[in-house]
Amino acid sequence: MAFLWHLTAVELKDKVLVTGTILKNETAIDKSPRSILANAWNVLSSYRKKAYKRKCISIKTQEQTFSVKTDKKGYFFEILPVEDFDDFTIHDEAQNLLSIDQIHPYYFKKHSTPIEIISDIDDTVIHSHTASALKRIFTILFKRPKRRNKILFSNALLDFFDENKFRIAYLSKSESNLFGLITAIFRAREIPSGPLFLTSYLKFKALFKPKKGKHKQDFLDQLISNLPDKKFILMGDDTQRDMEVYTEVVNRYKDRIIKVYIRQTTFTVNENQTKQWETLQATGVDCMYFQDDDDINVEIEELKESLKII
């Protein structure tokens, strides 16, 4: 029977965004490995699972049934024309009920606060070494969740936003295979929970090939366009395309983005990073290119003033 590996459902203004991954067979999602080898095995085994590909699933509420088709990687994404569906079920093609076994929350209600936070994960919230494929793979395999270091400046910001009831969504290029690992890191390092948007399930060999596509742009467009009464703060880093993507978003939604945070991941900034930063600044958006040892207390006080938080 099919197995629901990852589910995220987010209330928008008058719709609900539902996305996730379905596998062909049941497997354990959340594990707390007691050794480095156990962690490596957990990660490697996630790349051997078969996806529930190109199958129709049913999302049922008390009043409606929606038919959604998974892609060739078991991934599905749909924006449903309902305001909420607290009481819903998901069924496979044979109408078997798919249980929701993940520990990480999967349903996220609208918040009354006027600002939403959208943050990258790798090298923005946790150290992942995404600039190097080999370093990234070594970190994923041989560092257990409780040993993964979080970025203090970013996490202090996230704690501040969470305390003030701003909804935080995490938008990452990491593949769905790592859902269990990422959520274990969130729990071990006490990172505020939120909707988790990952890319499609991958085979192991794909780790060595840089992922392309418009995953981040597409999700940003869907979130911002379907939350027309909200403004946004974006958080990212300078290792991938965050500055480029956020520049495009700022230009498209000029009056909706109130601040952009970019983490400087190395001691020096190269020519390409400098150019991307200058292009982002030229949009006129309030932005900060921060280093890990910048004074977070000063920034939070400035935020309190600009956002009128006491």
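Here the structure is a predicted model, which means the values were calculated and not measured. (Residues numbered from 1 in each chain as written. Predicted model: local features only at pLDDT ≥ 70, side-chain atom pairs only at ≥ 80, totals over all residues. Heavy atoms only, no water.)

Quick look at helix 6 (residues 242-252) now. Residue pairs three or four apart in sequence face the same way in an α-helix, which turns once every 3.6 residues. Among all positions of helix 6, only Asp-242, Met-243, Val-245, Tyr-246, Thr-247, Val-249 and Val-250 are buried. Those residues of helix 6 that are buried lie in contact with strand 8 (115-119), helix 5 (215-225), strand 11 (231-237), strand 12 (257-263), helix 7 (271-281) and strand 13 (287-290). (Buried < 20%, exposed > 50% of the residue type's maximum accessible area, 1.4 Å probe, protein only. Helix = DSSP H or I, 4+ residues; strand = E, 2+ residues; numbered from the N terminus. Contact = heavy atoms within 4.5 Å.)

Right, let's talk about the domain arrangement of the protein for a bit. Splitting the protein by domain gives domain 1 (2-108) and domain 2 (115-307). With 36 residues of domain 1 at the contact, the number on the domain 2 side is 36 residues. Here domain 1 meets domain 2 over a buried area of about 3300 Å², counting both sides, of which 64% is carbon and sulfur. Counting every contact that joins domain 1 to domain 2 gives 0 salt bridges. Taken together, the links from domain 1 to domain 2 amount to 15 residue pairs in polar contact (both at pLDDT 80 or more). Contributing elements (two or more residues each) for the side of domain 1 that touches domain 2: strand 1 (3-11), strand 2 (16-23), helix 1 (36-46) and strand 5 (75-80). Looking at which element gives the most residues to the side of domain 1 that touches domain 2, the answer is helix 1, with 6 residues. Within the side of domain 1 that touches domain 2, the residues separate by chemical class into 18 nonpolar, 9 polar and 9 charged. (Domains from an automatic or database assignment. Buried area = accessible area lost by both parts, 1.4 Å probe. Salt bridge = Lys/Arg side-chain N within 4 Å of Asp/Glu carboxyl O. Polar contact = N/O pair within 3.5 Å; in protein donor to acceptor, adjacent residues only side chain to side chain. Nonpolar A, V, L, I, M, F, W, Y, C, P; charged D, E, K, R; others polar.)

Quick look at a nonpolar patch on the surface now. Together, Ile-36, Phe-138 and Phe-142 make up an exposed nonpolar region whose accessible area comes to about 290 Å². Looking at Phe-142, the relative accessible area reads 32%, which means it is partly exposed. (Patch = residues over 30% accessible without salt bridge, like charges linked within 9 Å, V, L, I, M, F, W, Y side chains within 5 Å. Areas by Shrake-Rupley, 256 points an atom, 1.4 Å probe, with all protein chains shown as cover.)

One finds Ile-117, Leu-157, Phe-161, Tyr-170 and Tyr-261 to be the most contacted residues of the largest nonpolar core, which totals 44 residues. There are two domains that each give this core at least three residues, and those are domain 1 (2-108) and domain 2 (115-307). Setting aside chain neighbours within four positions, we find Tyr-261 in contact with Leu-157, Phe-161, Ile-233, Leu-234, Met-235, Gly-236, Met-288, Phe-290, Glu-299 and Leu-303. Judged by nonpolar contacts, the second largest core, of 30 residues, contains Leu-171, Phe-197, Ile-224 and Tyr-253. (Core = buried A, V, L, I, M, F, W, Y, C linked by side-chain atoms within 4.5 Å.)

Judged by pairing direction, the sheet is parallel, and its 6 strands sit side by side in the order 10-9-8-11-12-13 without closing on themselves. The open sheet terminates on both sides in strands that have one partner only, identified here as strand 10 (196-199) and strand 13. Between one strand and the next, the sheet's axes are offset by a mean angle of 15 degrees, whatever the strand orientation. Bridge count between strand 8 and strand 11: 5 bridges; the pairing is parallel. Bridge pairing in strand 11 places Glu-116 opposite Phe-232. Seen against the sheet, helix 4 (residues 179-188) touches strand 9 (167-175) and strand 10 and runs at an angle of roughly 145 degrees to strand 10. Sitting on the sheet, helix 6 touches strand 8, strand 11, strand 12 and strand 13, and the angle it makes with strand 11 is about 160 degrees. (Pairing = 2+ DSSP bridges. Axes fitted to C-alpha atoms, helices over the stretch in contact; angles between N-to-C directions.)

Turning our eyes to something else, we now look at the environment of Ser-112. Along the chain, Ser-112 turns up in the loop between strand 7 (107-108) and strand 8. Distance in space between the C-alpha atoms of Ser-112 and Asp-294 is 31 Å, their sequence separation being 182 residues.

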